[in-house]
Amino acid sequence: MFLSSLALTLTLAACPADAHCLEDDNLLAVSANADRAELILSAMQDAEIRFAELFHRMPGLTAVIEDSTLYPGFADGLAADGYTVKPWVSPQAMRDQLEAQVRPAVEAQMSGSPQAVIDATIEAALAGRVENNEKVRHAEAIIAHELGHLWVKDMYDWPEVDMGDARAYGAAAAPDWFDEVAAVLMESVALTDSRRASLCENLPADLPGQYQRYFEMEHPLLQLAALAAEQAEAAERAAGETRSGPRIMVMSGEALAAQGADMIGAQHFYGLTRAFIDYLTVKTGSEAVFDQLAQSLSSGASLDDWLEVGVEGVPQTREAMISDLSAHVVSGCEA
């Protein structure tokens, strides 16, 4: 794994005694595991280079803290020092939380079976769920993805938006589709290929209709986050507990679908985003289009305003652009 020669163990007394802290200029990676800290920093370095190339802005102080609840007050201290802080969940923490949810149900279903058999069944279930989780299989790409959300929010002068009690995802003032564009742009080649393949395998009959909705809809993960939070809070109330700070909760697709959440919709949203990125890149012949689009949207213009001004290679109305975009996606999938 490549690390810049500037990457070294953090010497600041602020680094928790039981953590591994690595820094490189404006970037700070924190984990209880040294190898994980290196992986996180490497992902941050790659993302920083990619963001600067695309948006011509160098991100400011940024920290990714794995399992941040292990270090009470540390994230708040960094934020007070000017860091943008992103909590991250380690595979082990994900596994532990899954086991806490799965074990009681499995033990009840297998009551009377030898404990070794019960443990083996649980282990097999956990191994598959964790290893197949996108945040584990594509960890570096997803870390970069999340940093794209943070940096596009911080590096442009977005209008202030009063979210009330709503949970903001990325840049609150940015349209959700563009907030996702900035994040998907940060992803690895492997995850990019996966996004393209997934969309082509599940190409809807009415792709223009889907894109009409895409440019207006709320990000699907907002719904999932709200459902997960409600579940966690309900479980805590039932147990007579009250917690503050971040929670870790892993929910199955079946459980979310039963509550009305659309897991396929979230993945499909990413696929539509990747295809839109590919379309703009091909039609304009340059990735400079994304900085231009960010500048326009952050100044208060709409997608329609941006198109009307005129973008080389792209139709000047939303309806015409969606028609052209849909034909481009279908043609690419057929090829």
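Note: the structure precedes this text.
Residues numbered from 1 in each chain as written. Predicted model: local features only at pLDDT ≥ 70, side-chain atom pairs only at ≥ 80, totals over all residues. Heavy atoms only, no water.

Asks: Report on the side chain of Glu66, specifying residues and quantitative values.
Replies: With respect to the secondary-structure elements, Glu66 resides in strand E4 (residues 62-66). In this structure the side chain of Glu66 is engaged in a polar contact, spanning 2.7 Å, whose partner is the side chain of Ser31. One polar contact links Glu66 to Arg36, side chain to side chain, over a distance of 2.6 Å. When near neighbours in sequence (up to four residues on either side) are disregarded, Glu66 contacts Val30, Ser31, Arg36, Ile40, Tyr71, Trp88, Val89, Ser90 and Pro91. (Helix = DSSP H or I, 4+ residues; strand = E, 2+ residues; numbered from the N terminus. Polar contact = N/O pair within 3.5 Å; in protein donor to acceptor, adjacent residues only side chain to side chain. Contact = heavy atoms within 4.5 Å.)

Asks: Explain the packing of aromatic side chains residue by residue, including any values.
Replies: One pass over the full model with this rule turns up 13 aromatic pairs. Centre to centre, the rings of Phe51 and Phe55 are 4.7 Å apart; their planes meet at 40 degrees, and the pair counts as tilted. One end of the pair, Phe51, and the other, Phe55, are both in helix H1 (residues 34-55), 4 residues apart, so they sit about a helical turn from each other. The exposure classification of Phe51 matches that of Phe55, with both residues buried. A centroid spacing of 5.8 Å and a plane angle of 80 degrees characterise the contact between Trp177 and Phe276, whose relative ring orientation is edge-to-face. (Phe/Tyr/Trp six-rings, centres within 6.5 Å; stacked < 30°, edge-to-face > 60°. Buried < 20%, exposed > 50% of the residue type's maximum accessible area, 1.4 Å probe, protein only.)

Asks: Tell me about the environment of Asp18, and name the residues and values.
Replies: With respect to the secondary-structure elements, Asp18 resides in the loop between strand E1 (8-9) and strand E2 (20-24). Put simply, Asp18 and Ser31 are 13 residues apart on the chain and 9.0 Å apart in space, counted from C-alpha to C-alpha.

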